[in-house]
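Architecture and fold: a report
This is what each chain is made of:
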Amino acid sequence: MIELNAFKKLMAENDDRLPLLTLDEFFSGNTAEDSIAPNQWEEGRPPIAGIWNLMQTLEKTPGVAWIRIELHDDTEIAEYDGKKILVLAGESIIVCTSLPASELETLARCEWLCSGWLSLFCNCMGLIKKQ
């Protein structure tokens, strides 16, 4: 998970707007099941480790340029026992791809895009070379 000072730096560089995080920045070391799609945890959403694994595989797929995590406004720097910690809250998984929506839905194991834990599909035809 992104380190607190690195997160603060990204925020400062972006006029305090929440940054898009890479898969590693969001998922590495993150075990908080409620940090992404908390309303779907225990309602059929895969565990956070499973989502990370699936997205890492998807990001390596020809036709996928990158995957990022959009953060929710509930993301915060909190203080626990006198120590400041970063509490991430993922809003959406953003996939920059030239894949047709139907293929992305299959690969991402979702019923339809713009719903659930995979919620935004970016068509980035100009960014991706034809395979």
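Read on for a plain summary of the structure. (Residues numbered from 1 in each chain as written. Predicted model: local features only at pLDDT ≥ 70, side-chain atom pairs only at ≥ 80, totals over all residues. Heavy atoms only, no water.)

Overview of the packing of helix α3 (residues 48–59) against helix α4 (residues 101–108)
Close contact between α3 and α4 brings their axes to 10 Å; oriented N to C, the two are set at 140 degrees. It follows from the interaxial angle that α3 and α4 lie oblique. Residues L54, M55 and L58 of α3 pack against L104, L107 and A108 of α4. Looking at the contact of α3 with α4 residue by residue, the class counts come to 6 nonpolar, no polar and no charged. (Axes fitted to C-alpha atoms, helices over the stretch in contact; angles between N-to-C directions. Helix = DSSP H or I, 4+ residues; strand = E, 2+ residues; numbered from the N terminus. Parallel < 35°, antiparallel > 145°, perpendicular 65-115°, else oblique. Contact = heavy atoms within 4.5 Å. Nonpolar A, V, L, I, M, F, W, Y, C, P; charged D, E, K, R; others polar.)

Some thoughts on unusual backbone geometry
In this structure, D15 is a non-glycine residue whose phi angle is positive, near 50 degrees. Relative to the assigned elements, D15 resides in the loop between α1 (4–13) and β1 (21–22). Even without glycine at this site, D16 takes up a positive phi of about 65 degrees. Tracing the chain through its elements places D16 in the loop between α1 and β1. When its relative accessible area of 58% is taken as the criterion, D16 is described as exposed. (Buried < 20%, exposed > 50% of the residue type's maximum accessible area, 1.4 Å probe, protein only.)

Note that every value here comes from positions in space, so none of it alone points to a role or purpose.
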